[in-house]
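Notes for the structure review
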Amino acid sequence: MNEERAKIAFVINPISGTQSKEQILKWVNERLDKSIYEPVVIYTQYAGHAVEIARQQAAEGVFAVVAVGGDGTVNEIARSLVHTRTALGIIPCGSGNGLARHLQIPLEVKRAIDIINEGRVDVIDYGKINNVPFFCTCGVGFDAFVSLKFSQAGKRGPLTYLEQTLRESLKYRPEVYELIMDGNVSTRYKAFLIACGNASQYGNNAYITPKAALNDGLLDVTILEPFTVLDVPALAFQLFNKTIDQNSRIKTFRCRTLSIHRSKPGVAHFDGDPIMMDENIDVKIVQRGLQVIVPKDAEKDTANVLQRAQDYINGLKQLNENIVEDFSHKNREILDKGRERFKRLTGK
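First, a word on what this report is: a plain description of the structure on this page.

The rules behind the values
Residues numbered from 1 in each chain as written. Predicted model: local features only at pLDDT ≥ 70, side-chain atom pairs only at ≥ 80, totals over all residues. Heavy atoms only, no water. Helix = DSSP H or I, 4+ residues; strand = E, 2+ residues; numbered from the N terminus. Axes fitted to C-alpha atoms, helices over the stretch in contact; angles between N-to-C directions. Parallel < 35°, antiparallel > 145°, perpendicular 65-115°, else oblique. Left-handed = near helix turned anticlockwise from the far one by under 90°. Contact = heavy atoms within 4.5 Å. Buried < 20%, exposed > 50% of the residue type's maximum accessible area, 1.4 Å probe, protein only. Polar contact = N/O pair within 3.5 Å; in protein donor to acceptor, adjacent residues only side chain to side chain.

1. Considerations on unusual backbone geometry
- Although it is not a glycine, glutamine 104 sits at a positive phi angle of roughly 65 degrees.
- Turning to its location among the elements, glutamine 104 is positioned in the loop between α4 (98–102) and α5 (109–118).
- Of note, the phi angle at asparagine 131 is positive, near 70 degrees, even though the residue is not glycine.
- Inspection of the secondary structure assignment puts asparagine 131 in the loop between β5 (121–129) and β6 (132–134).

2. Examining the environment of alanine 191
- Its place among the elements puts alanine 191 in strand β9 (residues 187–191).
- Sequence-wise, alanine 191 and isoleucine 223 are 32 residues apart; in three dimensions their C-alpha atoms are separated by 6.5 Å.

3. As for the packing of helix α1 (residues 21–31) against α5
- Remark: α1 packs on α5, axes separated minimally by 10 Å, with the N-to-C direction vectors making an angle of 40 degrees. Regarding the angle of α1 to α5, the classification is oblique. In this structure, the crossing between α1 and α5 has a hand that is right-handed. Facing Ile24, Trp27, Val28 and Arg31 of α1, the residues of α5 in contact are Val109, Lys110, Ile113, Asp114 and Asn117.

4. Notes on the environment of valine 40
- Relative to the helices and strands, valine 40 resides in strand β2 (residues 37–43).
- Relative accessible area serves as the criterion here: at 36%, valine 40 is assigned to the partly exposed category.
- Taking C-alpha positions, valine 40 is 6.2 Å from phenylalanine 10, a pair spaced 30 residues apart along the chain.
- Contact partners of valine 40, with chain neighbours within four places excluded, come to Ile8, Ala9, Phe10 and Gln57.

5. Side note on the side chain of asparagine 75
- Examined against the element boundaries, asparagine 75 turns out to sit in helix α3 (residues 71–81).
- Judged by its relative accessible area of 1%, asparagine 75 is buried.
- A polar contact of 2.7 Å, which involves the side chain of asparagine 75, links it to the side chain of arginine 79.
- Not counting residues up to four positions away in its chain, the partners in contact with asparagine 75 are Pro133, Phe134, Phe135, Phe270 and Asp271.

Here is the structure:
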């Protein structure tokens, strides 16, 4: 047996996504190149456990720690691997898979294992929001508010996220923010949300910062100003079509540091996870801080147009079903109230 095999740890979040972790582990055992790697499998047992596991594995000098889970598991592992010689690997099986999608890591488990077998490592930037690391996006406003509601929903998945987004968008009110970019003069914006991207998307091919790159040393910032219901179809289409920066309700810029001041404490998010923060928020980029296993032949920023179109159509279909259901429920309530009033007036 080859004694020079690289040690590699697979960290599995047993509750993320819908795929069977036993099946994933079976594919890892069958497909991983054992002539290259000496694998170990570790299951997380509680929130934050992956942080401890990855820190220990990096201290032991393993070649890579592979996140088998969603964006939350990726974040927990990656934050312990920054500025180490241990690389992050990803087998995406979560709800959004934002970093995996940006890196063009296949969502099919067997193909993701093949990427790990190739062993190509790149070095990417990462961000910090009030010193909390993030690797895809962070922000304040509506998306952070929805991430909080999503975390409290009791079930996961794109449908739950869509339901929360639809429900909360009807009552959410924009806030006023004061922004200072790279230490320059402050600017005030009334905004529905402010998103800071290291990567281009939230996940599920929803491109909130479509021009973002993982190795340019810059934050891509998207500000969504107040809008009307008439703007929603165009915004939704452009979000999935990677053209939201072309919308008139959107302001974009790039910077290395961003200071955000708001009138009161509230929720923010990092890689989709909510966190309570005070009025002052500092966001910055850290250059070339994380080693990641990436596809050898990844297309450079080439859009999968058909997949995006299908994602958009699926999203609109579900959105329409929710709207119809909501209207039907309200109409039933109105009819029931009408019948009650008629009974009271007529005595019938």
